[in-house]
Amino acid sequence: MLILTRNIGQKVVIADNVVITVLNVDINEQVKFGITAPKNISVHRDEIYKKIRNEKDYD
C-alpha cells in the first residue's frame, strides 16, 4: 500500500490517465476528492464494487 499526504488542490496521477484531486478536508477529517478517468474505466466506492462483484458471481 502506498500512503501519501496531500493538501487541498494537490493531485495524484495513476497510469497517465487517472487523476485524483483532493477537494476538501472537513473538521471531522472527512476527505472529499475528485477522480478524473476515461469513460472506459469504472470507478466505484469499495462497498458498491463488492456488491457488483457478488452479483456477477451469482449470474
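Before reading further, recall that the structure is shown in the block above.
Below is a summary of the structure that appears in this document. (Residues numbered from 1 in each chain as written. Predicted model: local features only at pLDDT ≥ 70, side-chain atom pairs only at ≥ 80, totals over all residues. Heavy atoms only, no water.)

## Regarding the overall build of the chain
The cut-off we apply is this: Numbering of helices and strands runs from the N terminus, with a helix taken as a DSSP run of H or I at least four residues long and a strand as a DSSP run of E at least two residues long. Values of the radius of gyration come from C-alpha atoms, whereas the globule rule sets the reference at 2.2 Å times the count of residues to the power 0.38.
Looking only at helices and strands, the chain features one helix and three strands. When the elements of the chain are put in sequence order from the N terminus, they spell out β-β-β-α. Rg of the C-alpha trace for the chain: 14 Å, well past the compact-globule value of 10 Å for 59 residues, more than 25% over. Principal-axis analysis of the C-alpha atoms places the extent of the chain at approximately 40 × 30 × 20 Å.

## Points about the environment of Gln-30
Note the cut-off: Only heavy atoms matter for contacts: two residues are in contact if any of them lie within 4.5 Å across the pair.
Position of Gln-30 relative to the elements: it lies in the loop between β2 (18-25) and β3 (31-36). With residues near it in sequence (within four places) discarded, Gln-30 still touches Asn-24 and Val-25.

## Side note on the pattern of salt bridges
Operational definition: Whenever Lys or Arg places a side-chain nitrogen within 4 Å of a carboxyl oxygen from Asp or Glu, that contact is recorded as a salt bridge. The buried label applies to any residue whose accessible area, calculated with a 1.4 Å probe on protein chains only, is under 20% of its type's maximum; exposed applies above 50%, and partly exposed to all values in between.
Counted according to the given criterion, the structure contains two salt bridges. A salt bridge links Arg-45 to Glu-47; the nearest nitrogen and oxygen atoms lie 2.7 Å apart. Lys-50 is the salt-bridge partner of Asp-46, the closest N and O atoms lying 3.0 Å from each other. On the criterion of helical spacing, the pair formed by Asp-46 and Lys-50 is a turn pair, its members being four residues apart in helix α1 (residues 46-58). For Asp-46, a relative accessible area of 46% puts it in the partly exposed group.

## Quick word on a nonpolar patch on the surface
To keep it simple, the criterion reads: A patch consists of residues exposed above 30% relative accessible area that lack any salt bridge, with like charges linked at up to 9 Å and nonpolar side chains (Val, Leu, Ile, Met, Phe, Trp, Tyr) linked at up to 5 Å. Using a 1.4 Å probe, accessible areas were evaluated by the Shrake-Rupley method; residue-level cover was limited to the displayed protein chains.
On the surface, Ile-8, Val-25, Val-31, Phe-33, Ile-35, Ile-41 and Val-43 cluster together into a nonpolar patch covering about 580 Å² of accessible area. Here the element with the most residues in the nonpolar patch is β3; it accounts for three residues. Structurally, the position occupied by Ile-35 is in strand β3.

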